[in-house]
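Observations on the model geometry
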Amino acid sequence: MSNTPRATLQQNTRLIDFPSLGDVRGQLCALESVSAYVPFDIKRVYYMWDVGADQVRGKHAHYTLKQVLICLGGACEVVVDDGRQRQTVRLDSPLKGLLIDGFIWREMQHFTPGATLMVLANAHYDEADYVRNYDQFLEESQR
């Protein structure tokens, strides 16, 4: 897609703090579409677990998909890359989410034992929205 807007890490990624509604019975966090916490309609939810510490997931960018990544248990790192700058974000709390919006490369890595990473997305799966080749991503991100 040649009209991909140029994305930057500062504009297209941010950490979100979620509210804790816990009490003596335990912890609870409620997230709703189009709110201060999830700024889009949620169309798809998926999660990954039993990812080995030496495995890397993701390794792609999306043209238009918006996502919020939340590590529900354990911890992992998310590398985000706008084609000019790379940044590593550690997710280690179910009360923190990483919003990724725009043409940003992402890699999920260094999963701790027992880690579960959940992803909220604003659209259903569409293979045409993926860029899975890093060189192609770099070329398109410079436009």
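All values reported here derive from a predicted model rather than from experimental measurement.

Each value, and the rule that gives it
- Residues numbered from 1 in each chain as written.
- Predicted model: local features only at pLDDT ≥ 70, side-chain atom pairs only at ≥ 80, totals over all residues.
- Heavy atoms only, no water.
- Phe/Tyr/Trp six-rings, centres within 6.5 Å; stacked < 30°, edge-to-face > 60°.
- Helix = DSSP H or I, 4+ residues; strand = E, 2+ residues; numbered from the N terminus.
- Buried < 20%, exposed > 50% of the residue type's maximum accessible area, 1.4 Å probe, protein only.

A closer look at the packing of aromatic side chains
For the coordinates displayed, the defined rule picks out 8 aromatic pairs. Each ring, one from W105 and one from Y134, has its centre 5.1 Å from the other, and the planes form 75 degrees; the classification is edge-to-face. With W105 in strand β8 (residues 105-109) and Y134 in helix α2 (residues 134-141), the pair connects residues that are 29 residues apart, well separated along the chain. Taking the relative accessible area as the measure of exposure, W105 reaches 2% and is therefore buried. Y134 gets classed as partly exposed once you look at its relative accessible area, which sits at 28%. Here Y125 and Y130 contribute two aromatic rings whose centre-to-centre distance is 5.5 Å and whose plane-to-plane angle is 50 degrees, an arrangement assigned as tilted. Residue Y125 is classed as partly exposed on the basis of its relative accessible area of 47%. A relative accessible area of 15% means that Y130 is categorised as buried. An aromatic cluster of at least three residues, connected via ring pairs, comprises Y63, F103, W105, Y134 and F137.

Things to note about the environment of E140
In this fold, E140 is placed in helix α2. Owing to a relative accessible area of 7%, E140 belongs among the buried residues under this scheme. Separated by 57 residues in the primary sequence, E140 and G83 place their C-alpha atoms 8.7 Å from one another.

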